[in-house]
Amino acid sequence: MHAVTVVPGQAGSAAWTHVPEPSAELGSVVVQALAVGVCGTDAEIAAGQYGWAPPGKDRLVLGHESLGRVVQAGGGLTVGDHVVGIVRRPDPVPCANCAVGEWDMCSNGRYTEHGIKERDGFMAERWRSDPDYLVKVDPDLGASAVLLEPASIVTKAWEHVYAIGQRTFWDPRHVLVVGAGPIGLLAALLGTQRGLDVHVLDRVTSGPKPQLVEALGAHYHTGAIPDLDLSPDIVIECTGVPALIRQSAESVAPGGIVCLTGVGPQNQSAGGIESGLATAAVLRNLAVFGSVNANRRHYYLAARALGRADRDWLAALLTRRFTPDDIGLALDRDADDIKVVVEFAT
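This one's a predicted model, so the numbers in the text were calculated from it and none came from an experiment.

Q: Just checking my understanding: could you explain the overall build of the protein chain for this structure?
A: For the protein chain, the helix and strand inventory stands at ten helices and 19 strands. Principal-axis analysis of the C-alpha atoms gives the protein chain an extent of 55 × 45 × 40 Å. Within the protein chain, buried positions represent 52% of all 346 residues. Taking the contacts inside the protein chain whose residues are at least 6 apart along the sequence as the reference set, 69% of them involve residues at least 24 apart. For the protein chain, the computed accessible surface area is about 14,800 Å², with 51% contributed by carbon and sulfur atoms. Averaging the locations of the 28 positively and 39 negatively charged side chains of the protein chain gives two centres separated by 4 Å.

Q: Help me understand the pattern of salt bridges, please; the structure alone is not making it clear to me.
A: Oppositely charged side chains can pair when the atoms bearing their charge come close. As enumerated under the stated definition, the model contains 14 salt bridges in all. The closest approach of N and O atoms between Arg-311 and Asp-138, which form a salt bridge, is 3.3 Å. With Arg-311 in helix H9 (residues 311–316) and Asp-138 in the loop between strand E11 (134–137) and helix H3 (148–165), this residue pair connects regions lying 173 residues apart in the sequence. A residue is classified by how much of its surface remains accessible, and Asp-138, at 33% relative accessible area, is partly exposed. Connected through shared salt-bridge partners, Glu-102, Glu-159 and Arg-297 make up one network.

Q: Looking at this structure, how should I read the nonpolar core?
A: The nonpolar side chains of a soluble globular protein tend to be buried with one another. Grouped together as the largest cluster of nonpolar side chains are 89 residues, with contacts concentrated most on Met-123, Trp-158, Leu-189 and Leu-306. Counting residues per element, this core draws most heavily on strand E3 (residues 29–38), at seven residues.

Q: Looking at this model, I keep getting lost on the sheet that holds strand E8 (residues 112–114). Mind explaining?
A: Hydrogen bonds between backbone groups are what pair the strands of a sheet, and the pairing can be parallel or antiparallel. Taken in spatial order, the three strands make up an open sheet running E7-E8-E9, and their pairing is mixed. At either margin of the open sheet sits one strand with a lone partner, and together these are strand E7 (88–89) and strand E9 (118–119). Where E8 meets E9, two bridges bridge the pair, whose relative direction is parallel. Paired with His-114 across the strands is Arg-119, a residue of E9.

Q: Is there a simple way to explain unusual backbone geometry in this structure?
A: One can expect most non-glycine residues to show negative phi and most peptide bonds to be in trans. In this structure, Pro-94 follows Val-93 across a cis peptide bond, with omega equal to -15°. Here Pro-94 shows up in the loop between E7 and helix H2 (96–99). The backbone of Glu-118 sits at a positive phi, close to 65°, despite the residue not being glycine. Relative to the assigned elements, Glu-118 resides in strand E9. With a phi close to 55°, Asp-229 is a non-glycine residue in the positive phi region. Relative to the elements of secondary structure, Asp-229 occurs in the loop between strand E14 (219–221) and strand E15 (234–237). Look at Asp-229 and you get exposed, because its relative accessible area is 76%.

Q: Before we go on, may I ask you to explain the packing of helix H4 (residues 182–193) against helix H8 (residues 296–308) in this structure?
A: Relative orientation and spacing of two packed helices are given, respectively, by the angle between their axes and the distance between those axes. Taken N-terminus to C-terminus, the directions of H4 and H8 make an angle of 80°; their axes are 11 Å apart at the nearest point. The angle between the axes of H4 and H8 places the two elements in the roughly perpendicular class. Of the residues in H8, those in contact with Leu-186, Leu-189, Leu-190 and Gln-193 of H4 are Ala-305, Leu-306 and Arg-308. Split by residue class, the contact of H4 with H8 holds five nonpolar, one polar and one charged.

Q: Whenever I open this one, the packing of aromatic side chains confuses me. Can you help?
A: Given two aromatic rings, one states the distance between the centres and the angle between the planes to describe the pair. One pass over the full model with this rule turns up six aromatic pairs. Where Trp-103 meets Tyr-133, the ring centres are 5.5 Å apart and the plane angle is 50°; that geometry is what we call tilted. Placement of Trp-103 in the loop between H2 and E8 and of Tyr-133 in the loop between strand E10 (126–129) and E11 is noted, with a sequence separation of 30 residues between them. For Trp-103, a relative accessible area of 7% translates into the label buried. An aromatic cluster of three or more residues is present, and its members are Trp-158, Tyr-162 and Trp-170. Between Arg-89 and the ring centre of Tyr-133, over which it is positioned, the NZ or CZ distance is 4.0 Å.

Q: What's the story with the side chain of His-114 in this structure? I'm lost.
A: Counting through the fold element by element, His-114 comes out in strand E8. Looking at His-114, its side chain comes within polar contact range of the main-chain oxygen of Asp-120, at 2.7 Å. With residues near it in sequence (within four places) discarded, His-114 still touches Gly-63, His-64, Ile-86, Val-87, Arg-89, Arg-119, Asp-120, Gly-121 and Phe-122.

Q: Please explain the sheet that holds strand E13 (residues 197–201) as it appears in this structure.
A: Pairing is parallel across the open sheet formed by six strands, whose spatial order is E14-E13-E12-E15-E16-E17. Strands at the two margins of the open sheet, each flanked by one partner only, are E14 and strand E17 (287–290). Adjacent strand axes in the sheet meet at a mean angle of 15°, parallel and antiparallel pairs treated alike. With five bridges joining them, strand E12 (residues 174–178) and E13 adopt parallel strand pairing. Paired with Val-177 across the strands is Val-200, a residue of E13.

Q: In this structure, what is going on with the environment of Arg-126? I would like to understand it.
A: Turning to its location among the elements, Arg-126 is positioned in strand E10. Arg-126 sits 123 residues away from Ala-3 along the chain, and the two C-alpha atoms are 8.5 Å apart. Sequence-distant contacts of Arg-126, defined by excluding residues within four places in its chain, comprise Met-1, Glu-21, Pro-22, Val-31 and Gln-32. A polar side-chain atom of Arg-126 sits 2.5 Å from a polar atom in the side chain of Glu-21.

Quick notes on the rules
Residues numbered from 1 in each chain as written. Predicted model: local features only at pLDDT ≥ 70, side-chain atom pairs only at ≥ 80, totals over all residues. Heavy atoms only, no water. Helix = DSSP H or I, 4+ residues; strand = E, 2+ residues; numbered from the N terminus. Buried < 20%, exposed > 50% of the residue type's maximum accessible area, 1.4 Å probe, protein only. Contact = heavy atoms within 4.5 Å. Areas by Shrake-Rupley, 256 points an atom, 1.4 Å probe, with all protein chains shown as cover. Lys, Arg positive; Asp, Glu negative; His and termini not counted. Charge placed at Lys NZ, Arg CZ, Asp CG, Glu CD. Salt bridge = Lys/Arg side-chain N within 4 Å of Asp/Glu carboxyl O. Core = buried A, V, L, I, M, F, W, Y, C linked by side-chain atoms within 4.5 Å. Pairing = 2+ DSSP bridges. Axes fitted to C-alpha atoms, helices over the stretch in contact; angles between N-to-C directions. Parallel < 35°, antiparallel > 145°, perpendicular 65-115°, else oblique. Nonpolar A, V, L, I, M, F, W, Y, C, P; charged D, E, K, R; others polar. Phe/Tyr/Trp six-rings, centres within 6.5 Å; stacked < 30°, edge-to-face > 60°. Lys NZ or Arg CZ within 6 Å of the ring centre and 35° of its normal. Polar contact = N/O pair within 3.5 Å; in protein donor to acceptor, adjacent residues only side chain to side chain.

Right, here's the structure in full:
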């Protein structure tokens, strides 16, 4: 069979290559790939910035935003079920968090991740999994089910926002989402599903993003955060840009919560973010925290959220589609991209 593979650390090595069939040791369920979403992580791995091949291998199968059809069943699944693979696996020790199924909070860093860290990804014609690391999805979602993995990240972020909010009397009404990529738009979706007044800020003035935000009943903005005349109770920052992180902390209401989900370019200057953020957090009782990855609970809740969403709205997030032999084009981002999808089968 074939898969999209890379040599970690070697830029330009992404290729549609012949690979062995997945070993039975990887799990009892065999899945035929239907589609895989492409994100910035995939592009960075393909550019040689990071990534780790499985032990004993030189190449890593790319892709962690999966959708597949079960062709060999097990663990309560049946042939034909549409499933999404959970990206992270617990560490082998395991740490206390991994031991109770909270592997997204792994404390010793020995976890593995499909398509990223020491475990092959899902951009293969077929892949195997233990049924405990598969999430069944509604086939009516079609290729939009590749959004489940990013939606799980957002679901975790929202869960932690509300958990932190219980530190005091808290009645949130307004939320600002900074960045209208897939994570930002899905964060806005979940905010509107919670009945909040949602505002989304991004730098683009054309393309599909403004219309997608407005279709949720949310408000789309461009420009600088201080110019919005907004004092949100919650900010979900999805860009990782230091200046926007600082502006987020300065704009959030007293006692508010700022959730950081984006990782910006590592060579960017912090621009005074440390002192400014510390001052704002202390004097205004702010909570600023970071969130990444997700566990099975978040995948389950994300699947429910996507199930409640408008199907046409979700489909509009898939802006370009490619076959796996065109992986070079799929990894080359376009200005209007939201979610690029590599399609293996219908």
